[in-house]
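The lines below spell out each chain.
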Amino acid sequence: MEERAGVRFLLNGRPVVARSAPGERLSRVLREEFGLTGTKVGCDAGDCGACTVLLDGTQICACLTPLGQVAGGRVTTVEGLAGEDAPSRLQRAFLALGAAQCGICTPGMLMAASELLRQRPRPTPAEVEEALGGVLCRCTGYRKIMEAALLAAGDAPLPAEPAGAVGARRTRLDGPEKVTGRAAFGADRAPPEALELRLLRSPHHRARFTIGDLDAFRARHPGILRILTAADIPGRNGYGIYPDLKDQPVLAEKEVRHRGEPVLALVGTPEAVRAVDPEEVPIVWEPLPPVLGIDAALAPDAPLLHPGRPGNVLIEGRVRRGDVEAALGEATARAAIAVETSFVEHAYIEPEAGYAVRRGDRIEVFATTQAPYMDREEVAAVLGIPPEKVRILPSVCGGGFGGKLDVSVQPILAVAAWLLDRPVRTVWSRPESMAASTKRHPARIRAEAGADAEGRLTGVRFHGDFDTGAYASWGPTVAQRVPVHATGPYRVRAALCTTRGVYTNGPPAGAFRGFGVPQAAIAHEALMDMLADRLGMDRLDFRLRNALRPGDRTHCGQELGEGVALVACLERLRPIWRRERERLARDGRGEGPLRRGLGVACMWYGLGNTSMSNPSTMEVGLSADGRLTLYNGAVDIGQGSATIMVQICAEALGLPVESFTQVLGDTARTRDAGKTSASRQTLVSGNAARLAGLDLRRRILRLANAGPDAELALDGPVLRVTENGRVREIELFRLTADADGEVLRGIGSWDPPTEPLDADGQGVPYAAYGFAAQMALVEVDTELGTTRVLRIWAAHDVGRAVNPTLVEGQIEGGIAQGIGLALMEEFVPGRNENLHDYLIPTVGDVPEIEIHLIEEGDPLGPYGAKGVGEPALIPTAPAVLNAIAEATGVRPTRVPVTPDRLLAALAAAKTRG
Amino acid sequence: MHRYERPKDLETALDLRAGGEWQVIAGGTDVFPAMVGRVAPRPLLDISGIEALRRIEETAAGWRLGACLRWSELRDHSLPPLFDGLRKAAGMIGGRQIQNRATLGGNLCNASPAADGAAALLALDARVELRSRRGRRELPLAEFLLGNRRTALAPDELLTAILVPASRGEARSDFLKLGARKYLVISIVMVALVLEGDAQGVIRRAGIAVGACAPTARRLPLLEERLLGRRLDEPLAEAVDGGVLAPLSPIDDIRGTAAYRREAALVLLRRGLEGLATAMPGAA
Ligand SMILES: Cc1cc2nc3c(=O)[nH]c(=O)nc-3n(C[C@H](O)[C@H](O)[C@H](O)COP(=O)(O)OP(=O)(O)OC[C@H]3O[C@@H](n4cnc5c(N)ncnc54)[C@H](O)[C@@H]3O)c2cc1C
Ligand code: FES
Ligand code: FES
């Protein structure tokens, strides 16, 4: 039988015999039998392309190919792309241009591109696009991937690695492992003897349940060693972002509040656990009428989701300044709008995964995460042990965007490993990940604004209800952050901005790039266009007139200092705006049913937590043999913090980036650098890295008795300190080393200075803000309701670009997500829990993007730098919507603007006349 | 793990098929996605190794497309303009990875209402060849596709070939797919059009099919009738009105509303006909 003989094929040039079952997915065989974890699994359904490998030179999805089909064939994986000791030209082009961010799609992209380059050594951009069309990337916006593939195809020399630290386009330090497939993501590593854990989840939005005879079930499945229920949780069966809101159970007790909520965990051998059909597990469901949507939740007779939350209202937020009634009354022009948005899925290509190991009275969890220190607290509480006994080892994170700020696999893995005293691993399937993970809050917003005859905003009134789903998660953050941003980045005399977070039986809505601000921006940027039109002013000039400037007071009463460069952003775009508008006026808006339109939108974003201490600490060590180690607790989720922290520290210290290695994220070896959220790492952890570098420098200079301008140089174990031509040598190997082997250490901590907000939201919510303006050119097919984005221009106030390549990558990726938000992304529980039906932009949906970095320096930022992660996304959807409004004369108010919605809106406008 | 067989010849495959409950698999691009988080419900009978099912042959009656022909093979094969629409559809099924494995036969046997291949082949008057131990039979595609995920395939049968009649005159065809993004997208609506004209440029045969608007792709006989006898350089789009959509019964789903599907189908039909008219030699 073939099964016993094994399946023979060439794997990366070597003849192999695979012993796995021949009907097994090739992706699983490559990863589990051959240990080639460079081939990633994002969906097991052909939808993401992360598993793309070459079979006889053509790209295929390894997840859709049974092992038996490669018998006698040639299989090439990312591990086989590199030459003997050097990455291929394609891989080097990916590195040089920053085509890999989180890196989870990178192997698939490389394989898809390599198929093309073998077939067509000189492809056109259109051919590259076609070749990459089957691989999704959620991070990069595809532009740099396209550029890298085209660059690799030509003969032009690849750009050389630049010298220098801050400001240099350094190659990502974690890039080489990402382009070779060596990087270990959550599913890529586990002890070989690890048991597997699988959660059984609610198929209902709301239901009571009882668990039947588990012993009998176990007797039928000998490989299942333990079945965990809520009763097995040793500590607190609840987690959540806020200390007083640990309302989300690790395993549900009696009642489930959303589809996908876990009720029990099977732990056993991988074969046994995988073989279980959920239908045969004895759970008796009693479905209850679900509360879906904001209206249902606020209805007077609505069932209450949580005790102590009357009316299902989780929280309210509010900022009030001046008399908004009077201000609107005095306005020459007024505009009002109501908009509605949907649940949006993060759709990181890496599903949640990890493993846990118990070591005596300690537990170690390796998992994909954005927030190792928060994970540590949660795991400790769930186990009922002190946090010091918990060690979180973040895996390389295959995309987060806010979705991996809440714990996912960590607590239940820890419980299982703790109770069984054996390593336990889990990998969520794509449908599980989509059903269970947090979402962007659907928002329902009503907003109104007025301006005087000179075009100055007088007042803004804003109310937003946010569907926070079944559990609190980051709902309070959204409710507090939105009112602070709801006016848009403009001077306004009076404002009243209120929000509510509303519990429903939807999926928990949490953190997603912008914490509600992208939804609010859709409203305020629509109002800005409407007011400008009513006053007969140019839309960009109207924004320019109202743009916040240094010295202005925000509607929170905060006086802004330097580092407010929105005016510069708009001025940079103005000539392009004029040119493009003239072009449209001259060449017309399009032929036949096609209509073009140009839109502009602005945004501001407070960096770091709202009115809350959120410090970071970084440490840097110098070893006896002259190596620098940055103990960097900031998780790199693809945005590049693992690179720029070193650039910043190197700049402060005065030693080259090349001398550094890093310890990343490990809570046992790094200090708390907070979570990778709120665009805070560059500003907050960046300052900590700078201070750590300065601290080490100070110690070195003291040791050398040298002044502040001395130059440092490392020569193996000898550190040379040169001042005014005088050289002093420090023989590092003579100094005493600590447990880590360090002979000198520097440490730095930084916490952004904020002040609490009073009941009217007056205070200093953030120490620094990012600003941006973007323009979108779109083409609408008015007969089909489809929208193509033709081009985006983005001007971003980034303070200082520590690494321009990485900053551009953030902007391009944010724009791609903004396009998705505007045009196609809408998660409906139970309907599109997969990447087949839930659509995110592909390489063909992201147009050319022209980026303008405004680098005026922020006084608080490390070397002037500030964050850009969230700012990148916020203005895109509003700019696209404004462009659609201009193209069609109809303003879309329901997001995403799917073809059927847009066509219906156009038809409704026509009947209204 | 279940048994898995990958015979090299059709006879063995039919023997196995007759002898048990199998999950037939060709490209696997519909089979595996249906098994996410689950193990295979039945042993796998993999027919992708049967070379004889992967050929494109020209016969006296027309064309014979092997059931295991991959979409990429069809896409890259040089064929007369009659097949332009089908080949265009081939290039729009999933991404390259999918096209490199997915087969024509799988697309038809999976019988998704949104199967692009089904609409394109229906417009070509395709017939399917089914074989079993018991023998061989042929069915018009329209009789093979019974409904959403339902076909006339008997449990011991395999789909072995798709038979496309030759065109008698000058033929042109096109395929228009509407999705909510550029690549890797299931159609909201798709339209397949085939027109054959005589030497005078008069339409002698019209095959028009719409997909994703009913449990299976549907032909539009009224529209086809209206087109017959018209000259190819006439403004053909005029023949399209709401009445021609009678065979359709679209539904509201995650990809679009029923009303939208009707509207979009009309637009695609008009555009398709306009495009074909101008593509015709002798057209104005
Ligand atoms: C990411 C992705 C994108 C896709 N995009 C599209 C798209 O745009 N348009 C579209 O139409 N489809 C699309 N599909 C669906 C799929 O790729 C096609 O339907 C494909 O043609 C199926 O062929 P296959 O050989 O892979 O079928 P398989 O998965 O091997 O089989 C499908 C079904 O047909 C049966 N079967 C296959 N061959 C035979 C035979 N010869 N005799 C009897 N039974 C048989 C199998 O038992 C199974 O039930 C997509 C799929 C994926 C995963
Ligand atoms: S894992 Fe294969 S396509 Fe997603
Ligand atoms: S870099 Fe492409 S998904 Fe993260």
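Enquirer: Please explain the overall build of chain A as it appears in this structure.
Expert: Along chain A, the regular secondary structure elements total 23 helices and 33 strands. Relative to the compact-globule value of 29 Å for 913 residues, chain A shows a C-alpha radius of gyration of 27 Å, a close match. In terms of its C-alpha atoms, chain A occupies a principal-axis envelope of roughly 80 × 80 × 60 Å. Within the span of chain A, comprising 913 residues, buried residues form 67% of the whole. Roughly 30000 Å² of accessible area belongs to chain A as shown, and the carbon and sulfur atoms make up 49% of that amount. Each charge class in chain A was averaged separately, 103 positive and 113 negative side chains, and the resulting centres sit 1 Å apart.

Enquirer: Please clarify how the overall build of chain B should be interpreted in this entry.
Expert: Looking only at helices and strands, chain B has nine helices and 14 strands in total. Relative to the compact-globule value of 19 Å for 284 residues, chain B shows a C-alpha radius of gyration of 19 Å, a close match. Taken along the three principal axes of its C-alpha coordinates, chain B extends 60 × 45 × 30 Å. Counting over 284 residues, chain B shows a buried share of 58%. Within chain B, contacts between residues separated by at least 24 positions form 61% of all contacts whose residues are at least 6 apart in sequence. When the accessible surface of chain B is split by element, carbon and sulfur atoms take 50% of a total near 10800 Å².

Enquirer: In this structure, what is going on with the domain arrangement of chain A? I would like to understand it.
Expert: Where interface size is given, it is often the accessible area lost as the parts come together that is meant. All names here are of chain A. When cut into domains, chain A gives domain 1 (1–164), domain 2 (195–289 + 352–427), domain 3 (439–443 + 452–466 + 477–609 + 759–912) and domain 4 (616–750). The C-alpha-based centres of domain 3 and domain 4 are spaced at 38 Å. The interface of domain 3 with domain 4 comprises 23 residues on the first partner and 20 residues on the second. Buried surface at the junction of domain 3 and domain 4, summed over both partners, amounts to about 1500 Å²; 65% is from carbon and sulfur atoms. When the buried area of domain 3 at its contact with domain 4 is split by residue, Val802, Pro862 and Tyr863 rank highest and sum to 36% of it. Taken together, the links from domain 3 to domain 4 amount to zero salt bridges. Inspection of the region where domain 3 meets domain 4 yields six residue pairs in polar contact (both at pLDDT 80 or more). Of all the secondary-structure elements, those providing two or more residues to the side of domain 3 that touches domain 4 are β23 (594–606) and α21 (804–823).

Enquirer: Teacher, can you tell me more about the nonpolar core here?
Expert: Within soluble globular proteins, side chains that are nonpolar generally end up buried alongside one another. The biggest cluster of nonpolar side chains holds 188 residues, and the ones touching the most others in it are Phe94(A), Met109(A), Leu132(A), Phe462(A) and Ile884(A). Judged by nonpolar contacts, the second largest core, of 71 residues, contains Leu64(A), Leu141(B), Leu159(B) and Val194(B).

Enquirer: Any chance you could explain the site of ligand 1 here in plain terms?
Expert: Of all residues adjacent to ligand 1, which total 38 residues, the nearest are Val24(B), Ala26(B), Thr29(B), Asp30(B) and Thr103(B). More than one chain approaches ligand 1, the contributing ones being chains A and B. At 2.5 Å from an oxygen atom of ligand 1 is found a main-chain nitrogen or oxygen belonging to Val24(B). Summarising the interface, the protein chains cover 94% of the accessible area of ligand 1, which totals 970 Å² for the free molecule. Secondary-structure elements contributing two or more residues to the shell around ligand 1 are β2 (23–25), α5 (104–110) and β10 (158–165) of chain B. Broken down by element, the residue count for the shell around ligand 1 peaks at five residues, all from α5(B).

Enquirer: What am I meant to see in the sheet that holds strand β11 (residues 170–178) of chain B here?
Expert: Residue and element names in this part refer to chain B. The strand order across the open sheet built from four strands is β11-β12-β13-β14, with neighbouring strands paired in antiparallel fashion. At either end of the open sheet lies a strand with only one pairing partner, and these are β11 and β14 (218–219). With two bridges connecting them, strand β13 (residues 203–211) and β14 associate as antiparallel partners. The residue bridging Val210 from the neighbouring strand is Arg218, located in β14. On top of the sheet, helix α6 (residues 116–123) reaches β11, β12 (189–197), β13 and β14; it is set at about 165° to β13, its chief contact.

Enquirer: Would you take a moment to explain the pairing of strand β7 (residues 135–140) of chain B for this structure?
Expert: Remember that side chains alternate between the two faces of the sheet whenever the strand is regular. Residues and elements named next belong to chain B. Two strands pair when backbone bridges link them, and strand β6 (residues 127–132) and β7 are joined in this way by six bridges, in the antiparallel orientation. Looking across to β7, one finds that Arg131 is bridged to Arg136. The turn linking β6 back onto β7 is made up of two residues.

Enquirer: Would you take a moment to explain the pairing of strand β33 (residues 848–854) of chain A for this structure?
Expert: Residues and elements named next belong to chain A. Pairing geometry for strand β32 (residues 786–797) and β33, over seven bridges, is parallel. Note that in β33 the partner of Asp797 across the bridge is Ile854. Each parallel crossover has a hand, and the one from β32 via α21 to β33 is right-handed.

Enquirer: Can you walk me through the interface of chain A and chain B in this structure?
Expert: Between chain A and chain B, the contact holds 57 residues from the first and 43 residues from the second. Between chain A and chain B lies a buried interface of about 4100 Å² when both sides are counted; carbon and sulfur atoms form 59% of it. When the buried surface of chain A facing chain B is broken down by residue, Leu64(A), Gln69(A) and Leu784(A) rank first, second and third, together holding 16% of it. Close ionic contact of Arg96(B) with Glu130(A) constitutes a salt bridge, the shortest N to O distance being 2.9 Å. There are 20 residue pairs in polar contact (both at pLDDT 80 or more) connecting chain A and chain B. At the level of elements, β3 (52–55), β4 (58–61), α5 (125–132), α9 (270–275) and α23 (899–912) of chain A are the ones that each hand at least two residues to the side of chain A that touches chain B.

Enquirer: Looking at this structure, I do not really get the sheet that holds strand β3 (residues 44–46) of chain B. What am I missing?
Expert: Two orientations exist for strands paired in a sheet by backbone hydrogen bonds: parallel and antiparallel. Residue and element names in this part refer to chain B. The sheet built from three strands is open, its strands ordered β1-β3-β2 with parallel pairing. Among the strands making up the open sheet, the edge pair consists of β1 (4–5) and β2. As paired elements, β2 and β3 share three bridges and run parallel to each other. From the neighbouring strand, Ile25 faces β3, where its bridge partner is Asp46.

Enquirer: So what exactly am I meant to see when it comes to helix α12 (residues 372–383) of chain A here?
Expert: Every α-helix winds through 3.6 residues per turn, so residues three or four apart in the chain are directed the same way. Residue and element names in this part refer to chain A. Under the 1.5 Å per step criterion, the end-to-end length of α12 is 16 Å for 12 residues, consistent within 8% with the ideal 16 Å. Turning to α12, its buried residues number three or more, namely Pro372, Tyr373, Asp375, Arg376, Glu378, Val379, Ala380, Val382 and Leu383. Residues of α12 that are buried make contact with β16 (362–367), β17 (390–394) and α13 (410–420). The first or second residue beyond α12 is Gly384, which carries a positive phi of 75°.

Enquirer: Explain the side chain of Gln558(A) to me, please; I cannot follow it from the model alone.
Expert: All names here are of chain A. Position of Gln558 among the secondary structure elements: in the loop between α17 (539–546) and α18 (566–587). At a separation of 2.8 Å, a polar atom in the side chain of Gln558 contacts the main-chain carbonyl oxygen of Tyr766. A polar contact of 2.6 Å, which involves the side chain of Gln558, links it to the side chain of Tyr769. With near-sequence residues (within four places) excluded, Gln558 lies in contact with Asp552, Arg553, Gly763, Val764, Pro765, Tyr766 and Tyr769.

What counts, and at which threshold
Residues numbered from 1 in each chain as written. Chains lettered and ligands numbered in written order. Predicted model: local features only at pLDDT ≥ 70, side-chain atom pairs only at ≥ 80, totals over all residues. Heavy atoms only, no water. Helix = DSSP H or I, 4+ residues; strand = E, 2+ residues; numbered from the N terminus. Rg over C-alpha atoms; globule rule 2.2 N^0.38 Å. Buried < 20%, exposed > 50% of the residue type's maximum accessible area, 1.4 Å probe, protein only. Areas by Shrake-Rupley, 256 points an atom, 1.4 Å probe, with all protein chains shown as cover. Lys, Arg positive; Asp, Glu negative; His and termini not counted. Charge placed at Lys NZ, Arg CZ, Asp CG, Glu CD. Contact = heavy atoms within 4.5 Å. Domains from an automatic or database assignment. Buried area = accessible area lost by both parts, 1.4 Å probe. Salt bridge = Lys/Arg side-chain N within 4 Å of Asp/Glu carboxyl O. Polar contact = N/O pair within 3.5 Å; in protein donor to acceptor, adjacent residues only side chain to side chain. Core = buried A, V, L, I, M, F, W, Y, C linked by side-chain atoms within 4.5 Å. Near = heavy atom within 4 Å. Pairing = 2+ DSSP bridges. Axes fitted to C-alpha atoms, helices over the stretch in contact; angles between N-to-C directions. Right-handed = clockwise from strand over helix to strand, strands pointing away. Expected span 1.5 Å × (residues − 1).

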